[in-house]
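Single-letter residue listing:
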Amino acid sequence: MSDIKLFHLNGTNAVELTGAAVQVEKSLQSLFEANLEIFLGIRFLQTEHSTGAAHGGRIDTLGLDEDNSPVIIEYKRAVNENVINQGLFYLDWLLDHRKEFQWMVMERLGPDAAKAVDWSAPRLICIAGDFTRYDEHAVKQIARNIELIRYRRFGGDLLMMELVHAPKTAKVSSPAQQKVRPTEGGPEEETDPYWRNRMAYRLSQSSTELKDIYDAILQFLIGLGDDVQVKEVQQYTAFKRIKNFACLQIYPQARSVVAYLRLDPSTVDLDDGFARDVTNIGHHGTGDLELSLKSMADFEKAQPLLRRAYEGG
């Protein structure tokens, strides 16, 4: 049972609000589906999707996250329901029906989104009023991208979400350990999947000083908490808790590391050349505040903002 407590403060008096974890009913599922981007950073695709007569199942919610990874969300309606095994079954179904999923994305989000679907790490999110210790132990033994989220209702207008478990994907090799490309151009770039990852290529082309800056930022973000997850995609490296709170890119020619933070730019002093508002400017990664870091002094200056983004993530 969650030990989180919520209090209403009225001057010097405190009143504890009683948290409720009723069985997940359709109304709560509908609430999540109507607010997926706000709650989880996921674009809604479909509810109660049938896996066909051969499988005989229904996926509660299907979505696409901010890194273009497919997401299955299953709601645990009873304490003894084995929602994790059920979700794993659906996850395997999804990997066998990629075209069906991408067609769904194209119909709802358009052809560009369908083309951008990243199948490297599809996610399973299980949402419940509570999980047993066996649930938490089981997901730690399974090498799959599974997250457990516990919710509580407080009164009629408060909803709390707690990230109970997230996969530890933070074991990322440092830039010094990255593969070095012997020559630029040539057929290797077309045939080797590694070189279709632009971030890896940019790291390999960066100076030692720039790699040190990137690695310092990466290790700082990972060290902000045990709940930090890291995902390397083609254009950037994402750092998330429940949602992305920071994304890193590296530009060897410009000699800078660019960080996009999930922070309101209006709450930050925008120093020219260091921080800018990109709310209405297209860019890869998540976040409306862009930081350009070209030195370790810039990294030190950025640390309070990186920490703020984490705390709000």
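What counts as what
Residue numbers run consecutively from 1 along every chain, following the written order of its sequence. Two thresholds apply to this predicted model, a pLDDT of at least 70 for residue-level local features and 80 or more for giving and counting side-chain atom pairs, whereas whole-chain, interface and lining totals are computed over all residues. As a convention, hydrogens and water are excluded, and side-chain values are obtained from all of the structure's heavy atoms. Comment: elements are numbered from the N terminus, with helices defined as DSSP H or I runs of at least four residues and strands as E runs of at least two. A simple rule labels every residue: compare its accessible area, found with a 1.4 Å probe on the protein chains alone, to the largest value its type can have, and call it buried under 20%, exposed over 50%, or partly exposed in between. Any two residues having at least one pair of non-hydrogen atoms within 4.5 Å are treated as being in contact. In this description, accessible areas are obtained by the Shrake-Rupley approach with a 1.4 Å probe, and a residue is regarded as covered only by the protein chains that are shown. Any two strands are treated as partners once DSSP identifies two or more bridges connecting them. By definition, the crossover connecting two strands over a helix is right-handed if that path, from the first strand to the second, turns clockwise as seen with the strands pointing away from the viewer. Axes here mean lines fitted to C-alpha atoms, for a helix over just the part in contact, with angles spanning 0 to 180 degrees between N-to-C directions. Expected helix span is taken as 1.5 Å per residue step, with the number of steps being one fewer than the number of residues. Take the buried Ala, Val, Leu, Ile, Met, Phe, Trp, Tyr and Cys residues and link them wherever side-chain atoms come within 4.5 Å; each set so joined is a nonpolar core. Salt bridge, as applied in this entry: a Lys or Arg side-chain nitrogen positioned within 4 Å of an Asp or Glu carboxyl oxygen. Ring pairs shown here join Phe, Tyr and Trp side chains whose ring centres sit within 6.5 Å, with only the six-membered ring taken for Trp; geometry is labelled stacked below 30 degrees between planes, edge-to-face above 60, and tilted in between.

K.L.:
For the overall build of the protein chain, give the residues involved together with the corresponding values.
P.N.:
Along the backbone of the protein chain there are ten helices and 15 strands. Residue burial in the protein chain is summarised as follows: out of 313 residues, 48% are buried. Pairs at least 24 apart in sequence give 56% of the contacts found in the protein chain among residues at least 6 apart. Of the roughly 16100 Å² of accessible surface on the protein chain, 49% is carried by carbon and sulfur atoms.

K.L.:
Quick one: what's the story with the pairing of strand β8 (residues 146-154), residue by residue and with numbers?
P.N.:
For β8, the buried fraction is high: eight of the nine residues fall into the buried class. Two strands pair when backbone bridges link them, and strand β7 (residues 123-128) and β8 are joined in this way by five bridges, in the parallel orientation. Within the sheet, the bridge partner assigned to cysteine 126 lies in β8 and is leucine 148. Once you follow β7 into helix α6 (residues 133-141) and on to β8, the crossover reads as right-handed.

K.L.:
Account for the pairing of strand β13 (residues 256-261), with residues named and values stated.
P.N.:
Among the six residues that make up β13, six are buried, leaving the element largely enclosed by the rest of the structure. Across six bridges, strand β12 (residues 244-251) lies against β13 in antiparallel orientation. For glutamine 249, the partnering residue across the bridge sits in β13 and is valine 258. Here β13 pairs with strand β15 (residues 289-293) via five bridges, running antiparallel. The partner of valine 258 across the bridge, within β15, is serine 292.

K.L.:
Kindly report on unusual backbone geometry, identifying the contributing residues and their values.
P.N.:
With phi around 50°, glutamate 48 is a residue other than glycine that occupies positive phi space. Structurally, glutamate 48 is set in strand β4 (residues 42-50). Judged by relative accessible area, which is 26%, glutamate 48 ranks as partly exposed. We note that asparagine 68 has phi near 70°; this positive angle belongs to a residue other than glycine. Tracing the sequence through the fold places asparagine 68 in the loop between β5 (58-65) and β6 (70-76).

K.L.:
Describe the sheet that holds β15, and please don't skip the residues or the numbers.
P.N.:
Taken together, the six strands give an open sheet; going across it, the order is β10-β11-β12-β13-β15-β14, and neighbouring strands pair in antiparallel fashion. Among the strands making up the open sheet, the edge pair consists of β10 (229-232) and β14 (275-277). Within the sheet, the average angular offset between the axes of one strand and its neighbour, ignoring direction, is 20°. Where helix α9 (residues 208-222) meets the sheet, its contacts fall on β10, β11 (237-240), β12, β13 and β15, and the angle it forms with β12 comes to roughly 170°. Most of the contacts of helix α10 (residues 296-311) go to β15, to which it runs at about 155°, and overall it touches β12, β13 and β15.

K.L.:
Give me α10: which residues, what numbers.
P.N.:
Helix length check: α10, at 16 residues, gives a terminal C-alpha distance of 23 Å against a target of 22 Å (1.5 Å per residue), a fit within 8%. Considered for burial, the residues of α10 that qualify are Asp298, Phe299, Ala302, Leu305, Leu306, Ala309 and Tyr310. The elements touched by buried residues of α10 are α9, β12, β13 and β15.

K.L.:
Would you mind going over the nonpolar core in detail, with residue names and values included?
P.N.:
One finds Ile217, Leu221, Phe239, Phe245, Leu261 and Leu291 to be the most contacted residues of the largest nonpolar core, which totals 35 residues. Sorting elements by how many residues they give to this core places α9 first, with nine residues. Membership of the second largest hydrophobic core comes to 26 residues, among which are Ile59, Leu62, Val83 and Ala114.

K.L.:
Any details on the pattern of salt bridges? Residues and values, ideally.
P.N.:
Pairing is possible between side chains of opposite charge, provided their charged atoms come close. Scanning the model with the defined rule gives eleven salt bridges in all. Close ionic contact of glutamate 66 with arginine 262 constitutes a salt bridge, the shortest N to O distance being 2.5 Å. One end of the pair, glutamate 66, is in the loop between β5 and β6; the other, arginine 262, is in the loop between β13 and β14, with 196 residues separating them in the sequence. Given a relative accessible area of 29%, arginine 262 falls into the partly exposed group. The salt bridge involving arginine 150 is made with aspartate 130; its shortest N-O contact spans 2.9 Å.

K.L.:
So what about the packing of aromatic side chains? Which residues, and what values?
P.N.:
Inspection of the entire model under this criterion finds six aromatic pairs. Ring centres of phenylalanine 32 and phenylalanine 39 lie 5.2 Å apart, and the angle between their planes is 65°; this geometry places the pair in the edge-to-face category. Just as phenylalanine 32 is buried, phenylalanine 39 falls in that class too. For the pair phenylalanine 101 and tryptophan 119, a centre-to-centre distance of 5.5 Å together with 70° between the ring planes defines the contact as edge-to-face. With phenylalanine 101 in helix α4 (residues 98-109) and tryptophan 119 in the loop between α5 (111-115) and β7, the pair connects residues that are 18 residues apart, well separated along the chain. The buried category is assigned to phenylalanine 101, whose relative accessible area is 1%. Its relative accessible area of 14% is what places tryptophan 119 among the buried residues. Aromatic rings pair up to connect Phe32, Phe39 and Tyr75 into one cluster.

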